[in-house]
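These are the residues of each chain, in order.
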Amino acid sequence: MNTIIILVCVAIVGAGCAYFRLRLWQWTLATVVTILIVGFGLRAATPMWVLLGLFAVLVALPLNVTPLRRALFSAPLLRVFRKVLPKISETEQVALDAGTVGFEGELFSGKPAWSQLLSEPKPRLTAEEQAFLDGPCEELCAMIDDWHITHEIADLPPPVWDFVKRKGFFAMIIPKRYGGLEFSATAHSMVLQKLSSISATLSSLVAVPNSLGPAELLLRYGSDKQKDYYLPRLADGREVPCFALTGPYAGSDATSIPDYGIVCRQTVDGKDMLGIKLTFDKRYITLAPVATLVGLAFQMFDPDHLLGDKENLGITLALIPRDTHGLEIGRRHFPLNIPFQNGPLHGKDVFVPIDTLIGGAHMAGQGWRMLVECLSVGRGISLPSNATGFVRLAVAATGAYARIRKQFGLAVARFEGVEEALARIGGYAYAVIALSRASAAAVDRGEKPAVASAIAKCHATDLGREVIRDAMDVHGGKGIQLGPSNYLGRMWQGAPIPITVEGANIMTRSLMIFGQGAIRCHPWILKEMQAVREADRAKALRDFDTALFGHMGFGISNAVRAFVLGVTFAKFGAAPGDPYTRRYYRKLNRYSACLALLSDTAMGVLGGKLKFKEKISARLGDVLSYLYICSAMLKRYEDEGRPEVERPLLAWAFHESVWRMQMALDGVIRNFPVRPVAWLVHTLVFPFGRREVPPSDRLGRRVAALITAPSAARDAIVAGMYLTPNANNPVGRMHALLPDVVAAEPVERKFLKAVKSGTIKAHDYFEQLAEAERQGAISETERKQLEHLRRATAEFINVDDFDPAELRAAVVHDGADTQRSLHVA
Ligand SMILES: Cc1cc2nc3c(=O)[nH]c(=O)nc-3n(C[C@H](O)[C@H](O)[C@H](O)COP(=O)(O)OP(=O)(O)OC[C@H]3O[C@@H](n4cnc5c(N)ncnc54)[C@H](O)[C@@H]3O)c2cc1C
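These lines cover the structure that appears in this document, whether it is placed above or below. A quick note: this is a predicted structure, and the numbers were derived from the prediction, not measured.

To continue, consider the overall build of the protein chain. Scanning the protein chain from N- to C-terminus turns up 34 helices and nine strands. Its C-alpha radius of gyration of 31 Å places the protein chain within 12% of the 28 Å reference for a compact globule of 825 residues. Seen through its principal axes, the protein chain has C-alpha atoms that stretch 100 × 90 × 50 Å. For the protein chain, with 825 residues in total, the buried portion stands at 54%.

Before going further, it helps to examine the nonpolar core. In summary, soluble globular proteins display a tendency toward joint burial of nonpolar side chains. Formed by 189 residues in total, the largest nonpolar core has its most connected members in F169, L345 and M633. Counting residues per element, this core draws most heavily on helix α17 (residues 416-444), which supplies 14 residues. Setting aside chain neighbours within four positions, we find M633 in contact with Y430, A431, A434, L650, A653, F654 and S657. L212, A215, Y230 and A254 belong to the second largest nonpolar core, which has 27 residues in total.

Every one of the 20 residues lining the ligand counts as a neighbour, but F243, T246, S252, Y284 and E614 are closest to it. At 2.8 Å from a nitrogen atom of the ligand is found a main-chain nitrogen or oxygen belonging to Y284. One nitrogen or oxygen atom from the main chain of M507 is found 3.1 Å from an oxygen atom belonging to the ligand. When the free accessible area of the ligand is taken as 970 Å², the share hidden by the protein chains comes to 69%. Looking at side-chain class alone, the shell around the ligand contains 12 nonpolar, six polar and two charged residues.

Under the counting rule described, the total for this entry stands at 21 aromatic pairs. Summarising the aromatic geometry, the rings of W114 and Y585 are spaced 5.0 Å apart at their centres and angled 80° between planes, so their arrangement reads as edge-to-face. Placement of the pair is W114 in helix α7 (residues 114-119) and Y585 in helix α25 (residues 582-606), with a sequence separation of 471 residues. Each residue in the set F132, F163, F169 and F183 is aromatic and connected to the rest through ring pairs, giving one cluster. Sitting above the plane of the W524 ring, K527 keeps its charged end 4.9 Å from the centroid. A cation over a ring is seen here: R583 above Y580, with NZ or CZ 4.8 Å from the ring centre.

What follows is about the pairing of strand β1 (residues 241-244). If a strand is regular, its side chains alternate between the two faces of the sheet. Where burial is concerned, the two faces of β1 agree: the one with P241 and F243 and the one with C242 and A244 are both buried. As paired elements, β1 and strand β4 (residues 293-301) share four bridges and run parallel to each other. Residue pairing in the sheet places A244 in a bridge with L296 of β4.

With respect to the helices, strands and loops of the structure, D578 is situated in the loop between α24 (537-567) and α25. By relative accessible area, D578 is classed as buried at 5%. Looking at D578, its side chain comes within polar contact range of the main-chain nitrogen of T581, at 2.8 Å. Among residues more than four places away in sequence, those in contact with D578 are Y637, E638, R642 and R647.

Time to look at the packing of helix α13 (residues 214-221) against helix α15 (residues 367-379). The interhelical angle for the contact between α13 and α15, taken along N-to-C directions, is 115°, at an axis separation of 10 Å. Judged by the angle between their axes, α13 and α15 are roughly perpendicular. Note on packing geometry: the crossing formed by α13 with α15 is right-handed. Across the interface between the two elements, E216, L217, R220 and Y221 of α13 pack against R369, M370, L371, E373, C374 and V377 of α15. Within the contact of α13 with α15, the residues separate by chemical class into six nonpolar, no polar and four charged.

With that out of the way, let us pick up the pattern of salt bridges. The tally for this structure, following the rule as stated, stands at 42 salt bridges. With a shortest N-O distance of 3.3 Å, R445 and E120 are connected by a salt bridge. Remark: E120 occurs in the loop between α7 and α8 (127-142) and R445 occurs in the loop between α17 and α18 (450-475); sequence separation between them is 325 residues. By relative accessible area, E120 is classed as buried at 13%. Between R660 and E466 there is a salt bridge; the shortest N-O distance is 3.4 Å. Here R660, found in helix α27 (residues 647-670), pairs with E466, found in helix α18; they are 194 residues apart in sequence, far enough to count as distant.

Bringing the state of the cysteines into the picture now. Scanning the model with the defined rule gives zero disulfides in all. With no disulfide of its own, C137 lies 5.0 Å from the sulfur of C141, the closest cysteine sulfur. The class of C137 is buried, set by a relative accessible area of 0%. Here C594 is not disulfide-linked; the sulfur of C630 is the nearest cysteine sulfur, at 14 Å. The class for C594 is buried, based on a relative accessible area of 0%.

In this section: the environment of L789. Inspection of the secondary structure puts L789 in helix α33 (residues 780-797). When residues no more than four places from it in sequence are discounted, the contact partners of L789 are D740, V741, A744 and E748.

Glancing now at the pairing of β4. By the criterion of burial, β4 is predominantly enclosed, with eight of the nine residues buried. Pairing analysis gives three bridges linking strand β2 (residues 260-268) to β4, with the strands arranged parallel. Bridge pairing in β4 links I262 to F301. Alignment of β4 against strand β5 (residues 312-321), held across nine bridges, turns out to be antiparallel.

Turning our eyes to something else, we now look at the packing of helix α16 (residues 382-404) against helix α31 (residues 730-756). If you want to describe how two helices pack, look at the angle between their axes and the distance between the axes. Viewed as axis vectors pointing N to C, α16 and α31 meet at an angle of 35°, and their least axial separation amounts to 9 Å. Between α16 and α31 lies a crossing of left-handed hand. Contacts between α16 and α31 involve L393, A396, A397, A400, Y401, R403 and I404 from the first element and V731, M734, L738, V741, V742 and E745 from the second. Class assignment of the residues belonging to the contact of α16 with α31 gives a composition of 11 nonpolar, no polar and two charged.

Let us look at a nonpolar patch on the surface. Where nonpolar side chains cluster on the molecular surface, the patch consists of L61, V65, L68, L72, F73, L77, V80 and V84 and spans about 640 Å² of accessible area. With six residues, the top contributor of residues to the nonpolar patch is helix α4 (residues 66-84). Take V80: its relative accessible area is 43%, and that puts it in the partly exposed class.

Definitions and cut-offs
Counting starts from 1 at the beginning of each chain's written sequence and moves along it residue by residue. Selection of residues for local features in this predicted model requires a pLDDT of at least 70, selection of side-chain atom pairs for listing and counting requires 80 or more, and totals for whole chains, interfaces and linings are taken over all residues. Water and hydrogen atoms were dropped before computing side-chain values, which therefore reflect all heavy atoms in the structure. Helix numbering and strand numbering both begin at the N terminus, where a helix is a DSSP run of H or I of at least 4 residues and a strand a DSSP run of E of at least 2. Throughout, the radius of gyration refers to the C-alpha atoms, and the reference size of a globule is 2.2 Å times the residue count to the power 0.38. The rule is simple: take the accessible area with a 1.4 Å probe, protein chains only, and divide by the maximum for that residue type; under 20% is buried, over 50% is exposed, in between is partly exposed. Residues belong to a common nonpolar core when they are buried Ala, Val, Leu, Ile, Met, Phe, Trp, Tyr or Cys residues joined through side-chain atoms within 4.5 Å. What makes two residues a contact is simply this: any of their non-hydrogen atoms within 4.5 Å. Residues are labelled near a given molecule or strand when at least one of their non-hydrogen atoms is within 4 Å of it. In the analysis that follows, any N or O atom pair within 3.5 Å is treated as a polar contact, provided that within protein one partner can donate a hydrogen and the other can accept it, and provided that, for residues neighboring in sequence, both atoms belong to side chains. To measure how exposed things are, a 1.4 Å probe is used in the Shrake-Rupley method; for residues, cover is taken only from the protein chains shown. Under this grouping Gly is polar, as are all residues other than the nonpolar Ala, Val, Leu, Ile, Met, Phe, Trp, Tyr, Cys and Pro and the charged Asp, Glu, Lys and Arg. Two rings from Phe, Tyr or Trp (for Trp, the six-membered ring) form a pair when their centres are within 6.5 Å of each other. A pair whose planes differ by under 30 degrees is stacked, one over 60 is edge-to-face, and the rest are tilted. Charge over a ring is defined by NZ of Lys or CZ of Arg lying within 6 Å of the ring centre and within 35 degrees of the ring normal. A pair of strands counts as paired when DSSP detects no fewer than two bridges linking them. Lines fitted to C-alpha atoms define the axes, with helix axes restricted to the stretch in contact, and inter-axis angles between N-to-C directions lie between 0 and 180 degrees. For classification purposes, angles smaller than 35 degrees are called roughly parallel, those larger than 145 roughly antiparallel, those between 65 and 115 roughly perpendicular, and all remaining angles oblique. In this scheme, a crossing is called left-handed if the near helix is turned counterclockwise away from the far one by less than a right angle; it is called right-handed if the turn is clockwise. Salt bridge, as applied in this entry: a Lys or Arg side-chain nitrogen positioned within 4 Å of an Asp or Glu carboxyl oxygen. Criterion for a disulfide: a pair of cysteine sulfur atoms within 2.5 Å. Patch building starts from residues that exceed 30% relative accessible area and form no salt bridge, then joins like charges within 9 Å and nonpolar side chains (Val, Leu, Ile, Met, Phe, Trp, Tyr) within 5 Å.

Pasting the structure below:
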């Protein structure tokens, strides 16, 4: 009995050490002290000395004496790992090496250091950036007639093009010394948010030159000559860039591009010149139809060894001027009625000089690394920011419209079914805003957030699509009938575009977030892999030993933490925040431990096969993503001074995220192929089953109320979008009218009561109002108030109609000159 008591005490102390992540020697010492104290306390000398002896010989010495530990455990395991570790392709290695790890690494640790997150500086705009948003950006928004752009001319009008180029909208990432704006990522994001709230066509066009493309590639890898020539021209709009990677046979798998360039010599203008003959077939390229400078990715070959020994050089990037002989460019695709310039480009045996390679000849073959290194920065800004602009617009528009639109005698916002959709709109919008702010802030801190930007791109666009879907439903027919007064239809049509570009979401979710996250963010995996590949045997053993035992301690700690936090419902322990948010941090501690435990389990049990178990990997990626989203929301809440008024939004989005996390974890466990392991992990992760629930109806009602009436919370969500109540901005005008709409509701109720009582005989609305006034049901001021409102809201209730001829496509080709083409290479 005494032996059992001692062992139980040792186990409890061991669990405590694991929970608090004490070091191996500390745990050893704690175990020895426990055995002695409990043994002496029980006066059980014999079992005490036996246990102490066994512990010393079997555990303490082999684990704590380094040479012994390495000989007994690390060296044999290193040999096994060398044999079984799956080979990493060059492409995968480049992806793993690219980028940096920020707070997302902490989320993978099972014990996030919240102080790191909370000490990060609050994102701020400089006076110059703010002036740009209030000046040129506002002016540009005022110039936009989205119906004219999307329906009538399928392009930006020339004055808008001119303004965009002249004011540097294409040059937000270009340094001032080259004539650019040199904006922070936060400012860049705010500009895109504002533009996307008035026109998806405009924001898509502006996003591209500021994302992955010639400017960014030149800045990082260009030669001084290339920078000095091209960057000022890109900054002032003399050059319009595009970047061409995708082709018919290389979409998501961009490394498989079949486009090629052969190094050769050719006589040009009587001079012998070293260059490349390029053959390529690209499609979907944004800005290509109007581009003057084409960034091109291709496989480069040097069969005559004109550059060196290597024949197959690999993916290479070049900058090709539009007037290059043989470059076929100018035709357009038509992306879902969001007619930003996008099209194919082709060329066969197009000769370009060798100095068109970005960075020069010595950068041949470095193209994939260059692209992956750049991708994380742009991806964390462009698409999340555009999605944020859309969701801000959806909140401003739907919140107001649901109050303006009356059915069954009530604003439709009052119906519980609509309220449910409004709650999702408000909650997801809150999450998306925080998420895009976090990824832009990471770029401003100098990170290249490969994992965080994949999370931001994938989830901001996915949640954005859910918001737009709900916004469409709440608008009913008003959202469906296209025309100048429809501010939502184009957003709805275009929602799949950001889902698809820069790494289509299904692939990003299934492959990249967890695939990169697990290896990049895990504190030990990369170190283990590096040690296994280390050529110096002694160093390999040293490094592997440290990583292996670090990893084992990490795994045990996470199992204990997941279980203890599960059993206690994560209600205890130190956590930052205020009394309202402290419990949120504790919950995130719990799910961080669960993620770390399940990740190790999945990687340990499935090994290299995990790469093909995309459904498992996607769900683990979801847990990481929702942990990141929750952290971003908490950070924003702190940065904004813990605004009490926003708490329902935070609470709704937080509970929804945690519920989704739970379902993702459950999905992993339920579908885990090795069942006994799944049962064990289930006990550790869900000791009392799945206890998280989605946000309650009551909470949803509070969120809906916040976004359908003037409030500081609504203002916080719509802040930064284009809200000026101009003629071109129905949403701005609706937003401005909302206080009047809300103020008139009690009067409307009085009036409706009078109508329902049957004493009012008139049929026309305005006559009914006059009669109600005569009967004393409403006062004169109230009659005028309702008259004004009826007139002011009529434009939002009504939709456009057209003469049939207006809807016909402007140009009807006869068969002979029809140029509709299906390009077949
Ligand atoms: C409007 C628009 C603008 C664009 N602009 C540019 C540009 O300027 N420059 C440029 O080079 N490219 C551009 N693209 C290309 C864009 O990046 C690709 O469309 C994208 O990479 C996906 O390729 P794909 O469309 O061929 O889809 P596919 O590769 O055919 O994928 C089809 C589906 O399969 C999924 N999938 C593929 N592989 C996997 C996997 N391993 N695991 C799970 N799911 C997978 C994808 O997620 C997707 O859902 C643009 C595309 C569009 C539509």
